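# Report on the structure
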Amino acid sequence: MNGLLAHINHGWRWIATAFSFCVFGLGGILLPLFAVPVLYVMPGTERQRERRAQGVIHHSFRFYIGMMKFLGVLSYELVGVDKLRKAQLILANHPSLIDVIFLISLVPNANCVVKGGLVRNPFTRGPIKTAGYIINESSESVISAASEAFAKADALIIFPEGTRTTPQQPVSLKRGAANVAIRAAADITPVVIECVPTTLSKENRWYHVPSKKVHFRIKVCKEIPVAPYLAEKAPSVGARKLTADLTEYFNKELVQYE
């Protein structure tokens, strides 16, 4: 009997997961067609338009996460999210495809660095440009745009691994996020994301639905001041040391949770 119930539960979650991906795709079509044109014709400055677009994406992602929870696709717990209110640079590990959806759903003024290819996609170009998201064209352009985003009181979300974490492997960070922190003099708010069992990693397709419901734990940790690293003799030295310290930090936090 228990085996039958488990089989039924897994089947339902597979259907609900497929439905969730369809909803996300539909949203990707409707947002450029309806929301973006409305935002452009509303009176106000370019900055006001960016903030409104960020708000639309934030609330859309909140709805999406809530829908998946309601459907039984996932559950989650949030720890220390009040620390995100004054965050500048939010750095998080990246175990799952939907990490960015979770984080933007928690941060109304979220900005993020997106791949250049998304700007060439007709379904994502409009929302990305309207929200003022940063295009990853070169390290210098990202650093300059990040400084501008901080000046506008945006909270910038970056996954310093550069790609999704390989399950059961230590976190390995690239130096780009540390360079942003050093060059823009931005304090860091680390976010540790755990996903059990593993889902939507680089090794998993959407239809690889785990046998148990996925549970996310999102912990916002104490802010890490960037000032000590600014005291190094060169920005490259500070960025290298900060990257090493952040790598150690995230790996320790993840081991503690396990």
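First, a word on what this report is: a plain description of the structure on this page. Here the structure is a predicted model, which means the values were calculated and not measured.

## A few points about empty space enclosed by the protein
Summed over the entire model, instances satisfying the criterion amount to 2 cavities of 30 Å³ or more. In this model, the largest cavity occupies a volume close to 160 Å³. Along the wall of the largest cavity there are 18 residues; nearest its centre are T17, V73, T199, L200 and V214. Sorting the residues of the lining of the largest cavity by element identifies helix 1 (2-41), helix 2 (46-71) and strand 7 (214-220) as the ones contributing at least two each. No other element matches helix 1, which puts 4 residues into the lining of the largest cavity. The residue makeup of the lining of the largest cavity, split by class, is 12 nonpolar, 3 polar and 3 charged. Taken as a whole, the second largest cavity holds about 30 Å³ of empty space. If you go around the second largest cavity, the residues you meet are L31, V36, L39, A53, V56, I57, P127 and T130.

## Focus: the pattern of salt bridges
Applying the stated criterion across every chain, the model contains 9 salt bridges. The shortest N-O distance in the salt bridge between R183 and E140 comes to 3.1 Å. With R183 in helix 7 (residues 176-184) and E140 in helix 6 (residues 139-151), the pair connects residues that are 43 residues apart, well separated along the chain. On the basis of relative accessibility, which here comes to 42%, the residue R183 falls in the partly exposed class. E253 serves as the salt-bridge partner of K219, at 3.2 Å between the closest nitrogen and oxygen. A residue pair is termed long-range when its members are at least 10 positions apart, and K219 in strand 7 and E253 in helix 9 (residues 235-257) qualify at 34 residues. With a relative accessible area of 23%, K219 lands in the partly exposed category. With a relative accessible area of 14%, E253 lands in the buried category. What you see here is one network of salt bridges that share partners, running through R47, E50, R51, K152 and D154.

## Here's the deal with the side chain of T247
Positionally, T247 belongs in helix 9. Excluding its chain neighbours within four sequence positions, the residues that come into contact with T247 are V171 and L173.

## Here's the deal with the environment of F102
On the secondary structure map, F102 appears in helix 3 (residues 99-106). Judged by relative accessible area, which is 2%, F102 ranks as buried. It is 19 Å that separates the C-alpha atoms of F102 and P210, two residues lying 108 residues apart in sequence. For F102, the contacting residues outside a window of four places in its chain are I65, L74, Y76, F216 and I218.

## Some words on the layout of surface pockets
In this structure, the largest pocket spans a volume of roughly 1800 Å³. V100, C112, V113, V114 and L118 are, among the 50 residues lining the largest pocket, the residues nearest its centre. For the lining of the largest pocket, the secondary structure elements donating two or more residues are helix 1, helix 2, helix 3, strand 3 (110-115), helix 5 (125-131), helix 6, strand 5 (155-158) and helix 7. Looking at the lining of the largest pocket element by element, the count peaks at 11 residues for helix 1. Tallied by class, the residues present in the lining of the largest pocket amount to 33 nonpolar, 14 polar and 3 charged.

## Some points on the pairing of strand 5
Side chains A155 and I157 of strand 5 all project onto a buried face; the interleaved residues L156 and I158 project onto the opposite face, where all are buried too. Pairing geometry for strand 2 (residues 89-92) and strand 5, over 3 bridges, is parallel. Across the sheet, L91 pairs through a bridge with I158, a residue of strand 5. Where strand 3 meets strand 5, 3 bridges bridge the pair, whose relative direction is parallel. Following the sheet pairing, N111 is matched in strand 5 by L156.

Conventions and cut-offs
Residues numbered from 1 in each chain as written. Predicted model: local features only at pLDDT ≥ 70, side-chain atom pairs only at ≥ 80, totals over all residues. Heavy atoms only, no water. 1 Å grid on protein atoms, 1.4 Å probe; cavity = no way out; pocket = protein on both sides within 12 Å on 5 of 7 lines; lining within 4 Å. Points joined across faces, edges and corners; volume = space filled by probe spheres on them. Helix = DSSP H or I, 4+ residues; strand = E, 2+ residues; numbered from the N terminus. Nonpolar A, V, L, I, M, F, W, Y, C, P; charged D, E, K, R; others polar. Salt bridge = Lys/Arg side-chain N within 4 Å of Asp/Glu carboxyl O. Buried < 20%, exposed > 50% of the residue type's maximum accessible area, 1.4 Å probe, protein only. Contact = heavy atoms within 4.5 Å. Pairing = 2+ DSSP bridges.

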